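Structural characterization, general
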Amino acid sequence: MVSESPRVSKDGDVERMTTISTATEQNETLSQRAVIPPNQPQEGVGAALASNAAALDVRQHEYANGYHFPPKYPIKEQIRMGLVSFWDFYNTGFGFFLTIYSLNVVAWGGMLFLLLCNAAPEMCWVNGTYDCNHIDSPRRIWIETDSQILNALFCVTGFGLAPWRFRDWYFLLRYRLRNDQDALRRLAGVHRGWFRLAGSDQLSVNLGPKNVEEAVGSYNSESVPLPLETISDAPPTGVRAPPTKLWKMDFIIYFNVANTFLQCVLSGFMWALNRYDRPSWSTGLFVCLACIASAIAGIMMGVEGKHVKAIEGVPLNKRDMERLARDKELGIPHYNNIKDKDPEAEKEKQRRKKEKKWFGRSEKPSLGTENERQAFCS
């Protein structure tokens, strides 16, 4: 078969070159080629463009008011910013007190842990005999000293916060027993950082502590906390968080009150009984229960507060706005959510983690069964 194809010479002229190929060579060449449907490349390009557009939409999710969450800083910069913020907090009266208090809890708690682990065997000698559990050994004496100091430190929060905890409990009982809506509204004002009343998501996004009194009558009063100035700030995203489930308020208040009651029981054992008469199990048991009750309430408040911030947003400072503008010019992408992460990738990661967990559980019995079969057959 004879075919002509153009060829460009060195001088730039187009020459015609005749190429002769046999039918056998053409058949071999055609047989080696894969058959490609004419619209397959177009579908592939369209799918790629659609996926890129979807990823861009997730990353550049825009709110009606143009809000963008703060960017995620590198770890070194986060540490530096955290240290600067801590120093500013430490220079306040409450910050200084909280720092000293926390250091005492860590120091005395760490010493008690080391004593319980018998990290100092030389403290077990009593009158020439080696007995770590002897009641008069230096180890047991220091355990008692540490326990009394830690009990006093825990009393600062357990008893110091008791008036506010019992106030919340009083308002909660008024709402649960008498259906007093004003009591619930007062609780919403106290816990404005994480609790949202029913219907609060229907309030104007411009309504905040500065203009709430001027707008009286234009909103449902039962959706606003008491006092009125304790209403949450206007959401930076222009979207209000949905109402919080009421059982979470019960959960947090009762666990805080339980911490105070458990601290009372612990103090009764520590102060009413000496170390010779006090049951050995009492100190460890009630210290653990009091700490667990306080930690559970704190974790719940933190989780709910983060959930609200993820929807309503957080205020941007000058550093955040400058970083967003600079990264936009450099083409550095940021996901418009509180974590600055791809939500689809996070969901996929969690899904794979669950699958791996469940598949691991289902594989263990099958492996054991297979081993048993091999042993039985041999």
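Just so it is clear, the structure is predicted and the values come from calculations on it, not from any experiment.

Here's the deal with the environment of Leu150
By secondary structure assignment, the location of Leu150 is in helix α5 (residues 138-160). Residues Leu150 and Val287 lie 137 residues apart in sequence; the distance between their C-alpha atoms is 9.2 Å.

Regarding the packing of aromatic side chains
Taken as a whole and judged by the stated rule, the model has 19 aromatic pairs. Taken together, a centroid distance of 5.9 Å and an interplanar angle of 45 degrees make the contact between Phe166 and Trp169 tilted. Within this pair, Phe166 and its partner Trp169 are both found in helix α6 (residues 162-178), separated by three residues, close to a single helical turn. Classification of Phe166 by relative accessible area gives partly exposed; the value is 31%. Relative to Tyr254, the ring of Trp169 has its centre 6.3 Å away and its plane inclined at 75 degrees; by these criteria the two rings are edge-to-face. Of this pair, Trp169 sits in helix α6 while Tyr254 sits in helix α8 (residues 246-272), placing them 85 residues apart in sequence. You can call Tyr254 partly exposed: its relative accessible area is 37%.

Here we look at the side chain of Thr244
Counting through the fold element by element, Thr244 comes out in the loop between α7 (181-190) and α8. The class of Thr244 is buried, set by a relative accessible area of 11%. What Thr244 contacts, discounting residues up to four positions off in sequence, is Trp194, Phe195, Arg196 and Glu304.

With respect to the pattern of salt bridges
Opposite charge on two side chains makes pairing possible when the charged atoms of those side chains draw close. Across all of its chains, the model carries 15 salt bridges by this definition. One salt bridge connects Asp182 with Arg185, and the closest N-O pair in it is separated by 3.5 Å. Pair noted here: Asp182 and Arg185 are both in helix α7, with a separation of three residues, about one helical turn. Ionic pairing is found between Asp233 and Arg192, a salt bridge with its closest N-O pair at 3.4 Å. With Asp233 in the loop between α7 and α8 and Arg192 in the loop between α7 and α8, this residue pair connects regions lying 41 residues apart in the sequence.

Some points on the nonpolar core
Counting 16 residues, the largest nonpolar core has Leu187, Phe195, Met249 and Ile253 as the members making the most contacts within it. Of all the secondary-structure elements, those providing two or more residues to this core are α6, α7, α8 and α9 (280-312). Look past the residues within four positions of Ile253 in its chain and what remains in contact with it is Asp168, Trp169, Leu172 and Leu187. Membership of the second largest hydrophobic core comes to eight residues, among which are Leu115, Met123, Ile143 and Leu153.

Description of a nonpolar patch on the surface
A contiguous nonpolar patch, built from Phe86, Phe89, Phe94, Phe97, Leu98 and Val156 and spanning about 550 Å² of accessible area, is present on the exposed surface. Where the nonpolar patch is concerned, the elements lending two or more residues are α3 (75-90) and α4 (93-116). Of all the elements, α4 adds the most residues to the nonpolar patch, at three residues. Structurally, Val156 is set in helix α5. For Val156, a relative accessible area of 37% translates into the label partly exposed.

A few points about the confidence of the model for the protein
Scored by pLDDT, the protein comes out at a mean of 80, with 79% of its residues at no less than 70. Long-range and interchain partners of residues 1-58, a stretch whose pLDDT sits below 50, account for 31 contacts in this model, where long-range means more than four residues apart. Scored below 50 in pLDDT, residues 363-367 makes zero contacts in the model with residues more than four places away or belonging to other chains.

Quick word on the environment of Ala295
Tracing the backbone shows Ala295 in helix α9. Through-space distance from the C-alpha of Ala295 to that of Phe255 is 8.9 Å; in sequence the pair is 40 residues apart.

Focus on the packing of α4 against α5
Axis separation between α4 and α5 bottoms out at 9 Å; the angle between their running directions is 150 degrees. Looking at the two axes, α4 sits roughly antiparallel to α5. Relative to α5, α4 is oriented so that their crossing is left-handed. Between α4 and α5, the contacting residues are Phe97, Tyr101, Asn104, Val105, Trp108, Gly109, Met111, Leu112, Leu115 and Leu116 on the first element and Arg139, Trp142, Ile143, Asp146, Ser147, Ile149, Leu150, Leu153, Phe154, Val156 and Thr157 on the second. Broken down by class, the residue content of the contact of α4 with α5 amounts to 15 nonpolar, four polar and two charged.

Focus on the packing of α8 against α9
Look at α8 against α9: their axes get within 8 Å of each other, and the N-to-C directions meet at 160 degrees. Overall, the two elements α8 and α9 adopt an arrangement that is roughly antiparallel. Where α8 crosses over α9, the handedness of that crossing is left-handed.

Thresholds applied
Residues numbered from 1 in each chain as written. Predicted model: local features only at pLDDT ≥ 70, side-chain atom pairs only at ≥ 80, totals over all residues. Heavy atoms only, no water. Helix = DSSP H or I, 4+ residues; strand = E, 2+ residues; numbered from the N terminus. Phe/Tyr/Trp six-rings, centres within 6.5 Å; stacked < 30°, edge-to-face > 60°. Buried < 20%, exposed > 50% of the residue type's maximum accessible area, 1.4 Å probe, protein only. Contact = heavy atoms within 4.5 Å. Salt bridge = Lys/Arg side-chain N within 4 Å of Asp/Glu carboxyl O. Core = buried A, V, L, I, M, F, W, Y, C linked by side-chain atoms within 4.5 Å. Patch = residues over 30% accessible without salt bridge, like charges linked within 9 Å, V, L, I, M, F, W, Y side chains within 5 Å. Areas by Shrake-Rupley, 256 points an atom, 1.4 Å probe, with all protein chains shown as cover. pLDDT = per-residue confidence, 0-100. Axes fitted to C-alpha atoms, helices over the stretch in contact; angles between N-to-C directions. Parallel < 35°, antiparallel > 145°, perpendicular 65-115°, else oblique. Left-handed = near helix turned anticlockwise from the far one by under 90°. Nonpolar A, V, L, I, M, F, W, Y, C, P; charged D, E, K, R; others polar.

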